[in-house]
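What follows is the residue order along each chain.
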Amino acid sequence: MRAHPHYNPFNVRNPSECPDWSKVFARSEQPLDLEIGFSTGRWLISYAQNFPERNIAGLEIRAKFIEYVQQKIIAGKLTNAYVLKANANTALAELFAPQSLSRVIIMFPDPWYKARHIKRRVVDQDFLRELAVRLKSGAELHIATDQQALAEDMYADLLAVPEYQNKYTRYAPENFAGIVTDIERYNQERGREIYRLVFIRN
Ligand SMILES: C[S@@+](CC[C@H](N)C(=O)[O-])C[C@H]1O[C@@H](n2cnc3c(N)ncnc32)[C@H](O)[C@@H]1O
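Reading the values: rules and limits
- Residues numbered from 1 in each chain as written.
- Predicted model: local features only at pLDDT ≥ 70, side-chain atom pairs only at ≥ 80, totals over all residues.
- Heavy atoms only, no water.
- UniProt positions renumbered as here; feature names shortened; annotations may be inferred.
- Buried < 20%, exposed > 50% of the residue type's maximum accessible area, 1.4 Å probe, protein only.
- Helix = DSSP H or I, 4+ residues; strand = E, 2+ residues; numbered from the N terminus.
- Arc of directions from axis to C-beta.
- Contact = heavy atoms within 4.5 Å.
- Polar contact = N/O pair within 3.5 Å; in protein donor to acceptor, adjacent residues only side chain to side chain.

An unreviewed UniProt entry annotates the chain as tRNA (guanine-N(7)-)-methyltransferase originating from Candidatus Termititenax dinenymphae. Reading the Catalytic activity (unreviewed entry) entry of the UniProt record for the chain gives the comment "guanosine(46) in tRNA + S-adenosyl-L-methionine = N(7)-methylguanosine(46) in tRNA + S-adenosyl-L-homocysteine".

K.L.:
How should helix H4 (residues 125-134) be read in this particular structure?
P.N.:
Given 3.6 residues per turn, any residue in an α-helix points the same way as the ones three and four places further on. Taken together, the buried positions of H4 are occupied by Phe127, Leu128, Leu131, Ala132 and Arg134. Angular distribution of buried residues about the axis of H4 spans 155°; they occupy a single face of the element. Residues of H4 that are buried sit in contact with strand E1 (32-36), helix H3 (92-95), strand E4 (101-107), strand E5 (135-145) and helix H5 (148-160). A side-chain oxygen of the first residue of H4 lies 3.2 Å from the backbone nitrogen of Asp126; this N-cap is Asp124.

K.L.:
Can you walk me through the side chain of Arg54 in this structure?
P.N.:
Here Arg54 lies in the loop between helix H1 (42-50) and strand E2 (55-60). According to the relative accessible area criterion, Arg54 is buried, its value standing at 14%. Leave out the neighbours within four places in its chain, and Arg54 touches Gln30, Pro31, Asp33, Tyr47, Asn80, Ser102 and Arg103.

K.L.:
Any chance you could explain unusual backbone geometry here in plain terms?
P.N.:
Leaving glycine aside, a negative phi is the common case for residues, and trans is the common case for peptide bonds. Residue Lys77 is not a glycine yet carries a positive backbone phi of 50°. Residue classification places Lys77 among the exposed positions, given a relative accessible area of 64%. Here Gln99, not a glycine, exhibits a phi torsion of approximately 55°, which is positive. Mapped onto the elements of the fold, Gln99 is located in the loop between H3 and E4. A relative accessible area of 54% means that Gln99 is categorised as exposed.

The following block contains the structure:
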């Protein structure tokens, strides 16, 4: 069970004030990781179970998933996982202190193919610049997609933001945590390629 099930990080009067993550997790000294767009939480719950020495926060914009995954966290007695309803494109600065995140995971973000919808994508240069402030030096950013065009666009955006330009930048051959999301499973069953981007913050 979470240490403080009713703690609400949105009770932040001063927008520049960060949530007190030390009250959210049982072991606040552990590295803080973030999954954006966790949906049914398959990946996030497995991650919390498989990596008890790390804390994982999840952001999701669809309310039904928050409650669903919160119940799983409580049922699994996971004290290193916490999810909340927040838009990753607008809430990062309010939620996370500068240089506080060790790892950020974005599994199969919505592709938004049409030109007029591209502005709805989570990963763009504004997002990456804001995220870079919240990442520790050496922090990992993992992104997976089944859409080659989206992978190429995200790769170009990453290369355009100086904080991500270093020798570790790459397409990864493997699923780094060995956990499969719903969409990944769907693609695997059909033999479709997965594009994995790994960037290390300078
Ligand atoms: C295509 S689904 C991927 C779900 C899951 N990661 C998977 O791989 O199966 C994308 C998810 O991201 C969420 N999402 C979209 N934009 C978001 C944003 N700006 N902030 C947080 N979550 C977002 C959507 O609600 C949706 O659940």
